[in-house]
Amino acid sequence: MTPVLHEYPTSPFSELARLAFGLKAMAWQSVTIPVTLPKPDLVELTGGYARTPVLQVGADLFCDTAAILTAIDRLQPAPSLYPPPLGALHKVMANWAGGPQFMAHVGAALGAMPEGALPPAFIADRKGRFGLDMAALARATPHLTTQALTAAHWLDQSLADGRAFVGGDAPGHADLAFYSNIWFVRGNPFAKTTTEAILSLPRLAAWYDRVAALGHGKVAAISADDAIAIAAAASPAPVTGRIDAPFSAGQMVSVKTDGSGDAPVTGRLAQCDATGIVVLREGERCGPVAVHFPQLGQMVMAV
Ligand SMILES: N[C@@H](CCC(=O)N[C@@H](CS)C(=O)NCC(=O)O)C(=O)O
């Protein structure tokens, strides 16, 4: 079944997922979702999760790039997104890149933008959801830039032994995660000085070009209605994982990103172990779906 990515062009986490398709030379379909709330068609499928991107495989929805990349790797195992010798350690680095380093890169880039450069609706959305304060960000930009540059220097040092990618000869999840942060800064003309500082590191610049060359695979655009029809025509795949105590199979739970004000996804628990969380729910238009999350960073609560 051809996977569908719900995404938008300027999203760094979407770029990470697009590159995963490129690494595997896969065919996929894209639904362009709104950059700000509301996102009624996406929420019809996920039941509440409205971050970007979301992967859909039939009636299975994967929230968060940690779950998305694992799902892509399962759909087409070779070449792996978790090549040796790092294997699953790619996830550890991607978690750092997608956590504190994401805040540093995105903060440094947005904080460099003059007043009025970002649409007021975008600022209002990010303020309401994530506490974005443009004045505070502008003050923090020099600090955030040092944090991003530290990662760039570490990356450049790691490449000094001649390796092509973070973990050796083959690219993996960590490469895509580090790359997408720099890609976001590079895409912002107001952050030109930071981009130049990062790409002045010669080994890093050559690595950046190698990751970019992975491309995005073969993509075709479809509409949100098409994606909902795909889910309605499919059934969720059988769940194989465990349910660890204190939760039990079929229990009603809510899941949301830890520490966020995001809307929770509520449904019956079908899996809750270190390999992921699966909640079964039903949408009015899409019918029964399974919503998948990584366990790290997601909070499960009994309801
Ligand atoms: N941990 C999540 C983070 C996703 C995330 O925060 N994405 C940003 C865009 S790159 C977002 O959702 N922004 C708000 C939005 O798109 O509505 C992941 O790895 O996918």
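Each chain has its residues counted from 1, following the order in which its sequence is written. Given that this is a predicted model, residues contribute local features only at a pLDDT of at least 70 and side-chain atom pairs are listed and counted only at 80 or more, while totals for whole chains, interfaces and linings are drawn from all residues. As a rule here, side-chain values cover all heavy atoms of the structure and leave hydrogens and water aside.

**Student:** For this particular structure, what's the right way to read the overall build of the protein chain?
**Tutor:** Comment: elements are numbered from the N terminus, with helices defined as DSSP H or I runs of at least four residues and strands as E runs of at least two. Helix and strand content of the protein chain: 11 helices and 10 strands. Radius of gyration means the value over C-alpha atoms here, while the globule rule gives 2.2 Å times the residue count to the 0.38 power. For the protein chain, whose C-alpha radius of gyration is 19 Å, the value lies close to the compact-globule estimate of 19 Å for 303 residues. Along the first, second and third principal axes, the C-alpha atoms of the protein chain reach 50 × 45 × 40 Å. In this scheme, a residue with accessible area under 20% of its type's maximum is buried, one over 50% is exposed, and one in between is partly exposed, where area comes from a 1.4 Å probe on protein chains only. A buried classification covers 50% of the 303 residues belonging to the protein chain. Total accessible area on the protein chain stands at roughly 13,600 Å², and carbon and sulfur atoms take up 61% of it. Separation of charge centres in the protein chain, based on 21 positive and 24 negative side chains, amounts to 2 Å. Reported accessibility uses the Shrake-Rupley method at a 1.4 Å probe radius. Residues are deemed covered only where the shown protein chains occlude them. Positive charges are assigned to Lys and Arg, negative charges to Asp and Glu, while His and the chain termini are left out of the count. Charged side chains are reduced to one point each, which is NZ for Lys, CZ for Arg, CG for Asp and CD for Glu.

**Student:** What is the right way to look at the domain arrangement of the protein chain in this model?
**Tutor:** Accessible area lost when the parts come together is the quantity often used to give the size of an interface. You can read the domains of the protein chain as domain 1 (4-79 + 218-302) and domain 2 (89-212). Taking only C-alpha atoms into account, the centre of domain 1 sits 25 Å from that of domain 2. Contact definition: two residues touch when any of their heavy atoms are within 4.5 Å. Of the residues lining the interface, 23 residues belong to domain 1; the matching set on domain 2 comes to 21 residues. A side-chain nitrogen of Lys or Arg and a carboxyl oxygen of Asp or Glu constitute a salt bridge if their distance falls within 4 Å. Applying the counting criterion to the domain 1 and domain 2 interface returns 0 salt bridges. By convention here, the domain bounds are inherited from an automatic or database domain assignment.

**Student:** Would you mind going over the site of the ligand with me for this structure?
**Tutor:** Nearness is defined per residue: one heavy atom within 4 Å of the molecule or strand is enough. Contacts to the ligand come from 14 residues, most closely from Y8, K39, T52, T65 and R129. Within 3.5 Å is the distance limit for a polar contact, defined as a pair of N or O atoms, with the added protein rule that one can donate a hydrogen and the other accept it, and that residues adjacent in sequence qualify only through two side-chain atoms. Measuring from a nitrogen atom of the ligand, one finds a side-chain N or O atom of D64 at 2.9 Å. Summarising the interface, the protein chains cover 90% of the accessible area of the ligand, which totals 500 Å² for the free molecule. Those elements that provide at least two residues to the shell around the ligand are α1 (12-23) and α6 (120-130).

**Student:** It is not clear to me how the packing of aromatic side chains should be interpreted in this structure. Could you clarify?
**Tutor:** Within a pair of aromatic rings, the relevant descriptors are the distance that separates the centres and the angle that separates the planes. When the centres of two rings from Phe, Tyr and Trp lie within 6.5 Å, Trp using its six-membered ring, the rings pair. Their planes under 30 degrees apart give stacked, over 60 give edge-to-face, and anything left gives tilted. Summed over all chains, the structure comprises 6 aromatic pairs. Between the aromatic rings of F13 and F102, the centroid separation amounts to 4.6 Å while the plane-to-plane angle is 45°, which identifies the pairing as tilted. On the criterion of sequence distance, the pair formed by F13 in helix α1 and F102 in helix α5 (residues 100-111) is long-range, its members being 89 residues apart. Look at F102 and you get buried, because its relative accessible area is 18%. Ring geometry for Y49 against F293: centres 6.1 Å apart, planes inclined by 70°, an arrangement best described as edge-to-face. Here F293 lies in strand β9 (residues 287-293) and Y49 lies in the loop between α2 (40-46) and β3 (54-57), a separation of 244 residues in the sequence. Of the residues examined, Y49 reaches a relative accessible area of 7% and is grouped as buried.

**Student:** For this particular structure, what's the right way to read the environment of R210?
**Tutor:** Along the chain, the position of R210 falls in helix α10 (residues 202-212). A relative accessible area of 31% places R210 in the partly exposed class. Along the sequence, R210 and A140 sit 70 residues apart, while their C-alpha atoms lie 31 Å from each other.

**Student:** Even after reading the chapter, I still don't get the packing of α5 against helix α8 (residues 173-186), so can you show me in this structure?
**Tutor:** Packed helices, taken two at a time, are described by their axes: the angle between them and the distance between them. To define axes, lines are fitted to C-alpha atoms, for helices over the stretch in contact only, and angles between the resulting N-to-C directions are given on a 0 to 180 degree scale. The contact between α5 and α8 brings their axes to 9 Å, and the two run at 5°. Between α5 and α8, the interaxial angle falls into the category roughly parallel. Within the contact between the two elements, α5 uses Q101, F102, H105, V106, A109 and L110 and α8 uses N181, I182, F184 and V185. Residues that form the contact of α5 with α8 fall into these classes: 7 nonpolar, 3 polar and no charged. Roughly parallel refers to an angle under 35 degrees, roughly antiparallel to one over 145, roughly perpendicular to one between 65 and 115, and oblique to any angle outside these ranges. Each residue is assigned to one class: nonpolar for Ala, Val, Leu, Ile, Met, Phe, Trp, Tyr, Cys and Pro, charged for Asp, Glu, Lys and Arg, and polar for all the others, Gly among them.

**Student:** Before we go on, may I ask you to explain the packing of α8 against α10 in this structure?
**Tutor:** Contact geometry of α8 with α10 gives a least axis separation of 10 Å together with a crossing angle of 100°. Taken together, the axes of α8 and α10 lie roughly perpendicular to each other. In this structure, α8 contributes D175, L176, F178, Y179, I182, W183 and R186 to the contact, and α10 contributes L204, W207, Y208, V211 and A212. By residue class, the composition of the contact of α8 with α10 is 10 nonpolar, no polar and 2 charged.

**Student:** Sorry, what's going on with α1 here?
**Tutor:** Quick reminder: α-helices carry 3.6 residues per turn. Residues three or four places apart thus point the same way. Between its first and last C-alpha, α1 extends 16 Å over 12 residues, near the 16 Å set by a 1.5 Å rise per residue. Within α1, 11 of the 12 residues are buried, which leaves it mostly tucked inside the rest of the structure. Buried within α1 are the following residues: P12, S14, E15, L16, A17, R18, L19, A20, F21, G22 and L23. The positive-phi residue at the C-terminal boundary of α1 is A25, with phi of around 50°. Helix span is expected to be 1.5 Å times the residue number reduced by one.

**Student:** Before we go on, may I ask you to explain the pattern of salt bridges in this structure?
**Tutor:** One side chain can pair with another of opposite charge once the charged atoms of both are near each other. Taken as a whole and assessed by the stated rule, the structure comprises 12 salt bridges. Note that R51 is salt-bridged to D262, the shortest N-O span being 2.6 Å. Here R51 is found in the loop between α2 and β3, whereas its partner D262 is found in the loop between β6 (252-257) and β7 (265-273), with 211 residues between them in sequence. Judged by relative accessible area, R51 falls into the partly exposed class, the value being 25%. The shortest N-O distance in the salt bridge between K192 and E196 comes to 3.1 Å.

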